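# Structural features, examined
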Amino acid sequence: MSEAILQDVTGGIDVSWPDNPFIIHVRRLHTHTDGRVTGFITIIVKDKKKDKVVYPSTQINFAADRTRGSLAKELTAKNPSFPWGDMVDQLCQLVPEKALSGEPSQEMWAGLDNSTVIPPKYQLEPFILENLPNVIFGEPGSAKTTLALAFVSIMLHQIYDNNLNIIPNNHEVRSLYLDWESDFSTIQWQLHRLQKGMGWPPVGLSYRKCNLPLAQDVEQIRNHIEQVKANLIIIDSMGLASGGELNSSESPIALYTAIRQLNITSLLLGHTNKNKEEKSKSIYGNQYFTAQARNAWEVRKVTEDDEDNISLALYHTKPPPFGKKRKPMGFHIHFDDQENTARITSQDPKSVPEFVERMGNNTRILNILKDGALEPKEMAEILSINPASVRTSLKRLTAKNLVVKVGDKYGLLSKF
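Model, not experiment: these values are computed from the prediction.

Basis of the calculations
Residues numbered from 1 in each chain as written. Predicted model: local features only at pLDDT ≥ 70, side-chain atom pairs only at ≥ 80, totals over all residues. Heavy atoms only, no water. Core = buried A, V, L, I, M, F, W, Y, C linked by side-chain atoms within 4.5 Å. Buried < 20%, exposed > 50% of the residue type's maximum accessible area, 1.4 Å probe, protein only. Helix = DSSP H or I, 4+ residues; strand = E, 2+ residues; numbered from the N terminus. Contact = heavy atoms within 4.5 Å. Axes fitted to C-alpha atoms, helices over the stretch in contact; angles between N-to-C directions. Left-handed = near helix turned anticlockwise from the far one by under 90°. Nonpolar A, V, L, I, M, F, W, Y, C, P; charged D, E, K, R; others polar. Polar contact = N/O pair within 3.5 Å; in protein donor to acceptor, adjacent residues only side chain to side chain.

### Examining the nonpolar core
Of all hydrophobic cores here, the largest spans 40 residues; its most connected members are Phe127, Phe151, Leu164, Ile166, Leu267 and Phe331. Among the elements of the structure, helix H3 (144-157), helix H4 (184-198), strand E12 (232-236), strand E13 (265-271), strand E14 (295-303), strand E15 (309-318) and strand E16 (329-336) are those that each provide at least two residues to this core. With nine residues, the single largest contributor to this core is H3. Residues within four places of Leu267 in sequence aside, it is in contact with Ile128, Asn134, Ile136, Ala148, Phe151, Leu232, Ile233, Ile234 and Ile235. If you look at the next biggest cluster of nonpolar residues, it comprises 27 residues, including Val135, Ile221, Leu246 and Leu255.

### Details of the packing of helix H11 (residues 376-383) against helix H12 (residues 387-399)
Packing of H11 against H12 leaves a shortest axis separation of 9 Å and a crossing angle of 115°. Two packed elements cross with a definite hand, and for H11 against H12 that hand is right-handed. Here H11 contributes Pro376, Met379 and Ala380 to the contact with H12, which in turn contributes Pro387, Val390 and Leu394. Partitioning the contact of H11 with H12 into residue classes produces six nonpolar, no polar and no charged.

### Notes on the side chain of Thr265
Residue placement: Thr265 occurs in strand E13. Overall, the relative accessible area of 1% leaves Thr265 in the buried class. At a separation of 3.4 Å, a polar atom in the side chain of Thr265 contacts the side chain of Gln123. When residues no more than four places from it in sequence are discounted, the contact partners of Thr265 are Gln123, Ile128, Leu129, Glu130, Asn131, Leu132, Asn134, Asn231, Leu232 and Ile233.

Written out as structure tokens, the structure is:
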């Protein structure tokens, strides 16, 4: 008989033969530490009207002789006119070889022909880098979900005039919301309030409530991605999606390995570390949660007394490997419970004193100089920072033509 043809598909491998009508779907492949390869197979026969399942989804051990013999015997009994023994032998030989071989190596050339070099792209600049894991993290109640839902709408409908000063890519992005924290009704209600408040077109969001850690549910999630044709997954939240002890390296490694297997752009919503007094925070848990993120933003919140208005500032804590940190970005959210709306607008984070404290010395110095020129020692006293740090910042700001020295004082040279 002819040699089997193996084809990579989303979620696994399809095995077929040129001289017979059967296709074997191999899914949920797993390579064990002892070298065994297991997976689920489904056998279908091609038909003009509709493919027919002749062997339902069943888990097998591809290396077990008993499996080969019993499977071939069972299939021969159902349809003796085909060489099932040879077909099963090829299946159980070629699939493990492919699974154990891993990804093929590629030759990389750079610097010769720019037409072969593809620059990185954003699905939503600067927050969601395409094909890589992106993280927005903050304290509970810092409107991470509201921001994520706003991003979903902007990317789906390519809303450039979105009042948030963020830039969608030039193609439609379909999202799958993977929820470990809330439920369908709550997310739908939040999305409804946002669409109504912003006056945006209706948005369809694929949603899945999750209970298992992502690494244990990766094949089912892969199937959902394929079904809804998603090119972005939103993981809410990364701590629960990782499972296990968050201070152990095993949890983040399992999480990011599963995301890599899915081969899709991801936005992960996470929490901060416990110390609220730290000027610079990190993602809660083991350092690998931060190390494996390719683009990470911390969100901080200031709430007004009536709780109907909140100000948000997002700080770029980890830029992509090829880029530099972006300037902080700010948003204002107004909730109207009578109208059942939520409205987001961009906001200069420097307009909120609590956010300025979180910024670097250069920004803080420029901010106080808006009220007039000051001596370095006066700046140090106002900002409660070391005079040497003030002098270092002033040297940099002078070199950038942002400040000028007049006598003993420094003042703004250009608009800040």
